[in-house]
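In case you want the letters, here they are:
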Amino acid sequence: MVRPAYVATEFIVAAATTGGYSFVADSVSRLGEVGCTAAYCSPCHELMNLSFIGFGLLLAIGALLLARSLGWWVTALLVVSGLSSVATGLAPLDRDATLHALAATPLFVAQPLSLLILGARLRRREPRLARGLFATGAVTAAAAVAFILSGEGTFSGLLERLALWPVLVALAVVAWTRMRKCAVPLA
């Protein structure tokens, strides 16, 4: 339920921008830019930056709540990812690009690693889920590297979303499987 709300936030903020915004070419962080020029303005930047902060906190808290089933390493990586998202929202791209990059980079490293480690942890007990986590971890890691190397290239926004969005879908699947195992039949 949280992930669709985050994606919806991106679409809402992008729709309010002036000067054009491209989900394929522009980074998500551009939606959080505070300053406006004649060429581009994101008047709902507060909403985007608050979503980085809010969803980062939810990721970190969710990881802590699932720590027993995730394991220490995965939990730590997801907490780092969540805190990285929070820091990204506190350091808008156009205010200090270096600080913003330092805040955001751990997210692009920790999330794919967390999926790969969790896949390894679950490969014997839940091989199908583990294969999905390995595949998602590999795709998001490759997309993260490509995004970083692309700079502000033609497909940088697409690569960034490919590095970020699938991770939280995979984590939602893991959380769902954990909740189902904890559920007690009512009758």
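## Section: a nonpolar patch on the surface
Judged by side-chain polarity, Trp72, Trp73, Val109, Leu113 and Ile117 come together as a nonpolar surface patch covering roughly 560 Å² of accessible area. Every element with two or more residues in the nonpolar patch is listed here: α4 (72-90) and α5 (97-122). If one sorts the elements of the nonpolar patch by residue count, α5 sits on top with three residues. Looking at where Leu113 falls in the secondary structure, it is placed in helix α5. You can call Leu113 partly exposed: its relative accessible area is 38%.

## Details of the packing of α4 against α5
Across the interface, α4 lies against α5 with an axial gap of 8 Å and an inter-helix angle of 155 degrees. In terms of orientation, α4 lies roughly antiparallel with respect to α5. The element α4 and its partner α5 pack so that their crossing is left-handed. Contacts between α4 and α5 involve Trp73, Val74, Leu77, Leu78, Val80, Ser81, Ser84, Ala87 and Thr88 on the former and, on the latter, His100, Ala103, Ala104, Thr105, Pro106, Leu107, Ala110, Gln111, Leu113, Ser114, Ile117 and Leu118. Per-class residue counts for the contact of α4 with α5 are 14 nonpolar, seven polar and no charged.

## Here we look at α5
Every α-helix winds through 3.6 residues per turn, so residues three or four apart in the chain are directed the same way. Over its 26 residues, α5 extends 38 Å from the first C-alpha to the last, a length consistent with the 38 Å expected when each residue adds 1.5 Å. Its axis deflected by about 25 degrees at Ala104, α5 carries its strongest bend there, up to four residues before the proline Pro106. Near the N-terminus of α5, the side chain that reaches the backbone nitrogen of Thr98, with its oxygen 3.2 Å away, is that of Asp96.

Reading guide: rules and limits
Residues numbered from 1 in each chain as written. Predicted model: local features only at pLDDT ≥ 70, side-chain atom pairs only at ≥ 80, totals over all residues. Heavy atoms only, no water. Patch = residues over 30% accessible without salt bridge, like charges linked within 9 Å, V, L, I, M, F, W, Y side chains within 5 Å. Areas by Shrake-Rupley, 256 points an atom, 1.4 Å probe, with all protein chains shown as cover. Salt bridge = Lys/Arg side-chain N within 4 Å of Asp/Glu carboxyl O. Helix = DSSP H or I, 4+ residues; strand = E, 2+ residues; numbered from the N terminus. Buried < 20%, exposed > 50% of the residue type's maximum accessible area, 1.4 Å probe, protein only. Axes fitted to C-alpha atoms, helices over the stretch in contact; angles between N-to-C directions. Parallel < 35°, antiparallel > 145°, perpendicular 65-115°, else oblique. Left-handed = near helix turned anticlockwise from the far one by under 90°. Contact = heavy atoms within 4.5 Å. Nonpolar A, V, L, I, M, F, W, Y, C, P; charged D, E, K, R; others polar. Expected span 1.5 Å × (residues − 1). Bend = angle between axes of the 7 residues up to and from the residue. Polar contact = N/O pair within 3.5 Å; in protein donor to acceptor, adjacent residues only side chain to side chain.

Geometric descriptors of this kind do not, in isolation, establish any biological role.
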